[in-house]
Structure formats: structure tokens, C-alpha cells
Amino acid sequence: DVKVTQSSRYLVKRTGEKVFLECVQDMDHENMFWYRQDPGLGLRLIYFSYDVKMKEKGDIPEGYSVSREKKERFSLILESASTNQTSMYLCASSRWAPTPQKGDTFGSGTRLTVV
Amino acid sequence: DAKTTQPTSMDCAEGRAANLPCNHSTISGNEYVYWYRQIHSQGPQYIIHGLKNNETNEMASLIITEDRKSSTLILPHATLRDTAVYYCIGHSGGSNYKLTFGKGTLLTVNP
């Protein structure tokens, strides 16, 4: 099964800090994604990458940037953390698209609290 | 991606079949119906997907109506570990990289 590993399970940061969320996948997938999940809003796509050094904005990219220097690693960056970025962040990977792969293609999530 | 509508919550007795409905009346001809679930404090997990025909795998069965406007995910013998939020998603795959999750259905399996 695909393993998608997020570096931190829980994170607490102060307003204005620069925050890095790291995600690593071990299946040589081309596509990687960052979502945030908030109560009542479901999962919303922040950014995705379909190749090394390639990135595309998702539905809610404001306040975020990403980096994909290596195929297996996709980083989400909060340039200046704000309290409204307190959320659960989920990383995903897929060979073709974020769909029909048997097995888990999502990480377990990072719960970020900005105080 | 097609807009999907699911009940907010459902209950099921352990050992019984859980039938989770999903309406996707605006689904287009090339969009598949996908089901994921998310157990508390974990990332989403792929369950099953289908286009027109009914599908079955080791986790669940997917029944899609002939007009494709709705579908039902069936967990044949629900266990307590099946308690989760279940998401129904319409997605065309291919070069469309976005996968939009709605609010899903919270299935609670009771002993």
C-alpha cells in the first residue's frame, strides 16, 4: 500500500510565524496534494503538484505556498500564520489523479493550531 | 465535479448491512462515483468507485441507478470499526486533478 507520511501529527504555532508542513510518499507518485479540513466544510484543496517543481492552485491557496523539489516530498508553507489557518491539514498522493487507487493515499493529517 | 447530496448522519446495528445513499443528479457521462471514508483522527481512505455498473470489492458494494442520478454504498456486515464519515464524490479523473469532498454522512455502528 502507498504510504503518505506527514511529519507532525500536532503542531502549535504563534501568529506571524512561518510554518512548514512536510509530506513524503514512498510510491513514486507524480501527483501530490494538500487539503485542509474544517468542521462543516469538508476537505478543501489548497494546492497540488503534478510533477517536480510544478504546482497549481487549488480552491483556497491564499496565505499558502508550496514546494516540490523532489518527487517524494511536497511541503506546504504558511508564510505568516494566522488564527484562521488553524485546521487539520491532509496530504495525499496519486499516480494519475487523487482517485481510484486501492489502499490509502492520504496521510493521517497534521492538526495545526495557531495562537 | 458533480455536486453530491448525502444525509448528514445514519445509524446501523452491528452485523447488519449499512446502506448509504448519495444523490448526484448533475453527474456527467464521464464522471465516476467514488466513495471514501474517514475514521476519526485519520486521513480519508478509498473504498470503491464505479461508472455505470455495480461494483463490489472486499470492503463494500456500490449500486448505481440506471440513470446514474444516485447510488448506494453497501457495507454488508457493519462492524464498530466502520463508524466513520463516508464521502460520495463525482469525479472525472484524467487531467482534472481536483477532488472535492462534501460534508459526507456520519455512519455510527451501534453494538
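Refer to the structure above for everything that follows.
Residues numbered from 1 in each chain as written. Chains lettered and ligands numbered in written order. Predicted model: local features only at pLDDT ≥ 70, side-chain atom pairs only at ≥ 80, totals over all residues. Heavy atoms only, no water.

*Asks:* Hey, could you go over the pairing of strand 8 (residues 73-78) of chain A for me, with residue numbers and the actual values?
*Replies:* Residue and element names in this part refer to chain A. Along strand 8, five of the six residues are buried, which leaves the element largely enclosed by surrounding structure. Taken together, the five bridges between strand 7 (residues 64-70) and strand 8 define a ladder with antiparallel strand orientation. Each residue of the ladder has a partner; that of Ser-67, found in strand 8, is Ser-75. What sits between strand 7 and strand 8 in their antiparallel hairpin is a turn of two residues. (Buried < 20%, exposed > 50% of the residue type's maximum accessible area, 1.4 Å probe, protein only. Helix = DSSP H or I, 4+ residues; strand = E, 2+ residues; numbered from the N terminus. Pairing = 2+ DSSP bridges.)

*Asks:* Describe the sheet that holds strand 8 of chain A, with residues and values.
*Replies:* Residues and elements named next belong to chain A. Spatially, 1-3-8-7 is the arrangement adopted by the four strands of the open sheet, whose pairing is antiparallel. The sheet is open, and its two edges are formed by strand 1 (4-6) and strand 7, each paired on a single side. Each strand axis lies, on average, 20° off the axis of its neighbour in the sheet, ignoring direction. Pairing of strand 3 (residues 19-25) with strand 8, which is carried by six bridges, proceeds in the antiparallel orientation. Looking at the pairing, Cys-23 lines up with Phe-74 of strand 8. (Axes fitted to C-alpha atoms, helices over the stretch in contact; angles between N-to-C directions.)

*Asks:* Lay out the state of the cysteines with the relevant residues and their values.
*Replies:* For the structure shown, the criterion picks out two disulfides over all chains. Residue pairing for Cys-23 of chain A: its cysteine sulfur links by disulfide to Cys-91 of chain A, the two sulfurs lying 1.9 Å apart. A torsion of -80° about the S-S bond marks the disulfide between Cys-23 of chain A and Cys-91 of chain A as left-handed. Note that Cys-23 of chain A is positioned in strand 3 and Cys-91 of chain A in strand 9 (residues 87-94), a separation of 68 residues in sequence. In this model, Cys-22 of chain B is linked to Cys-88 of chain B through a disulfide, with the two sulfur atoms separated by 2.0 Å. (Disulfide = S-S within 2.5 Å.)

*Asks:* An account of the pairing of strand 6 (residues 61-64) of chain B is needed here, citing residue identities and associated values.
*Replies:* All names here are of chain B. Pairing of strand 5 (residues 55-56) with strand 6 involves two bridges; the strand directions are antiparallel. Along strand 6, the bridge assignment pairs Glu-55 with Leu-62. If you look at the hairpin formed by strand 5 and strand 6, you'll find four residues sitting between the two strands. Here strand 6 pairs with strand 7 (residues 70-75) via four bridges, running antiparallel. Note on strand 7: the bridge partner recorded for Ser-61 is Ile-74. Connecting strand 6 to the next strand, strand 7, in antiparallel fashion are five residues, including Arg-68 with a positive phi near 65°.

*Asks:* I'd like to hear about the pattern of salt bridges, residue by residue, with values.
*Replies:* Where charged atoms from two side chains of opposite charge come close, those side chains can pair. Under the counting rule described, the total for this entry stands at eight salt bridges over all chains. A salt bridge links Arg-73 of chain A to Glu-22 of chain A; the shortest N-O distance between them is 4.0 Å. Pair noted here: Arg-73 of chain A is in strand 8 and Glu-22 of chain A is in strand 3, with a separation of 51 residues, a long-range link. Residues Asp-82 of chain B and Arg-37 of chain B are paired through a salt bridge, measuring 2.8 Å at the closest nitrogen-oxygen approach. Here Arg-37 of chain B lies in strand 3 (residues 32-38) and Asp-82 of chain B lies in the loop between strand 7 and strand 8 (84-91), a separation of 45 residues in the sequence. On the basis of relative accessibility, which here comes to 10%, the residue Arg-37 of chain B falls in the buried class. Each of the salt bridges in this network shares a partner with another, and the network as a whole consists of Asp-28, Glu-30 and Lys-71 of chain A. (Salt bridge = Lys/Arg side-chain N within 4 Å of Asp/Glu carboxyl O.)

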